[in-house]
Amino acid sequence: ADPDFIAGLPKFSLPELPRGKTIRMFPITGDSMEPIPDGSHIIAQYQEDWSHLKDNTACVLLLRGSGEDIVFKLVSNRIKQKGTLELRSLNSSYDTFEVPINEVLEIWSFIGYISRQLPST
């Protein structure tokens, strides 16, 4: 949850990434977003305007005061109605939950991921 740490992360280049946008890569752990495997790295674009976030957009969120500082979830916008974001996992074993917007530091929308694991067949 340290903005200075995030700002100091190294920059990288990959083909077909949006030009002129702020792009970062975040490590994820756990099985809440399977089939994206534990230990993958999520490539995401910084979102300045959260009010136009469309429902079920895959995002990395930097949170304060939640026990987990970085989460990767499907986000539904409930800012106007409740002042929250609804967060849902791809893995149906996990419950959907809401986060008050004042606990959100940054939102990064999913572009892709890198994994060292081959998909299971």
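Structure's up top.
If you're wondering where the values come from, they're calculated on a predicted model, not measured in any experiment. (Residues numbered from 1 in each chain as written. Predicted model: local features only at pLDDT ≥ 70, side-chain atom pairs only at ≥ 80, totals over all residues. Heavy atoms only, no water.)

Visitor: What am I meant to see in unusual backbone geometry here?
Guide: Across the chain, the bulk of peptide bonds are trans and the bulk of non-glycine residues have phi less than zero. Omega for the bond connecting glutamate 34 with proline 35 falls within 30 degrees of zero, at 25°, which places this linkage in the cis form. With respect to the helices and strands, proline 35 occurs in the loop between strand E1 (23-27) and strand E2 (41-46). The phi dihedral of asparagine 56 falls on the positive side, at around 65°, and the residue is not glycine. Structurally, asparagine 56 is set in the loop between E2 and strand E3 (57-63). (Helix = DSSP H or I, 4+ residues; strand = E, 2+ residues; numbered from the N terminus.)

Visitor: In this structure, what is going on with the sheet that holds strand E6 (residues 97-100)? I would like to understand it.
Guide: Hydrogen bonding along the main chain pairs the strands of a sheet, whether they run parallel or antiparallel. The strand order across the open sheet formed by 7 strands is E1-E2-E7-E3-E4-E5-E6, and the pairing between neighbours is antiparallel. Only two strands of the sheet have a single neighbouring strand rather than two, namely E1 and E6. Taken pair by pair, the neighbouring strands of this sheet meet at an average axis angle of 50°, ignoring direction. Pairing geometry for E2 and strand E7 (residues 104-114), over 6 bridges, is antiparallel. Paired with histidine 41 across the strands is isoleucine 114, a residue of E7. (Pairing = 2+ DSSP bridges. Axes fitted to C-alpha atoms, helices over the stretch in contact; angles between N-to-C directions.)

Visitor: What is the right way to read the pattern of salt bridges from this model?
Guide: By the definition in use, this model includes 3 salt bridges. Ionic pairing is found between arginine 78 and aspartate 55, a salt bridge with its closest N-O pair at 3.2 Å. Of this pair, arginine 78 sits in strand E4 (residues 70-78) while aspartate 55 sits in the loop between E2 and E3, and the two are 23 residues apart along the sequence. Across the pair lysine 82 and glutamate 98 runs a salt bridge whose closest N-O atoms are separated by 3.0 Å. (Salt bridge = Lys/Arg side-chain N within 4 Å of Asp/Glu carboxyl O.)

Visitor: Looking at this model, I keep getting lost on the side chain of asparagine 77. Mind explaining?
Guide: By the element assignment, asparagine 77 lies in strand E4. A distance of 2.9 Å separates the side chain of asparagine 77 from the backbone nitrogen of isoleucine 79, its partner in a polar contact. The contacts of asparagine 77, once residues within four sequence positions are left out, are Trp50, Ser51, His52, Leu53, Asp55, Thr84 and Leu85. (Polar contact = N/O pair within 3.5 Å; in protein donor to acceptor, adjacent residues only side chain to side chain. Contact = heavy atoms within 4.5 Å.)

Visitor: Help me understand the nonpolar core, please; the structure alone is not making it clear to me.
Guide: When a protein is soluble and globular, its nonpolar side chains tend to lie buried together. One finds Phe26, Ile42, Ala44, Val60, Leu62, Phe72 and Trp108 to be the most contacted residues of the largest nonpolar core, which totals 13 residues. Of all the elements in the fold, those that place two or more residues in this core are E2, E3 and E4. Among all residues touching alanine 44, those that are not within four sequence positions of it are Thr22, Ile23, Arg24, Phe26, Val60, Trp108, Ser109, Phe110 and Ile111. Among the nonpolar cores identified, the runner-up in size contains 12 residues, and Leu63, Leu85, Val99 and Val104 belong to it. (Core = buried A, V, L, I, M, F, W, Y, C linked by side-chain atoms within 4.5 Å. Buried < 20%, exposed > 50% of the residue type's maximum accessible area, 1.4 Å probe, protein only.)

Visitor: How should I be thinking about the packing of aromatic side chains in this particular structure?
Guide: Tallied over the entire structure, the rule returns 3 aromatic pairs. Between tyrosine 46 and tryptophan 108, the aromatic rings sit 5.1 Å apart at their centres with planes inclined by 65°, giving edge-to-face as the arrangement. Here tyrosine 46 is found in strand E2, whereas its partner tryptophan 108 is found in strand E7, with 62 residues between them in sequence. Accessibility expressed as a relative area gives 30% for tyrosine 46, which makes it partly exposed. Since its relative accessible area comes to 2%, tryptophan 108 is described here as buried. Within the aromatic cluster, the residues linked to one another by ring pairs are Phe26, Tyr46 and Trp108. Residue placement shows lysine 73 over the ring face of tyrosine 94; its charged tip is 5.7 Å from the ring centre. (Phe/Tyr/Trp six-rings, centres within 6.5 Å; stacked < 30°, edge-to-face > 60°. Lys NZ or Arg CZ within 6 Å of the ring centre and 35° of its normal.)

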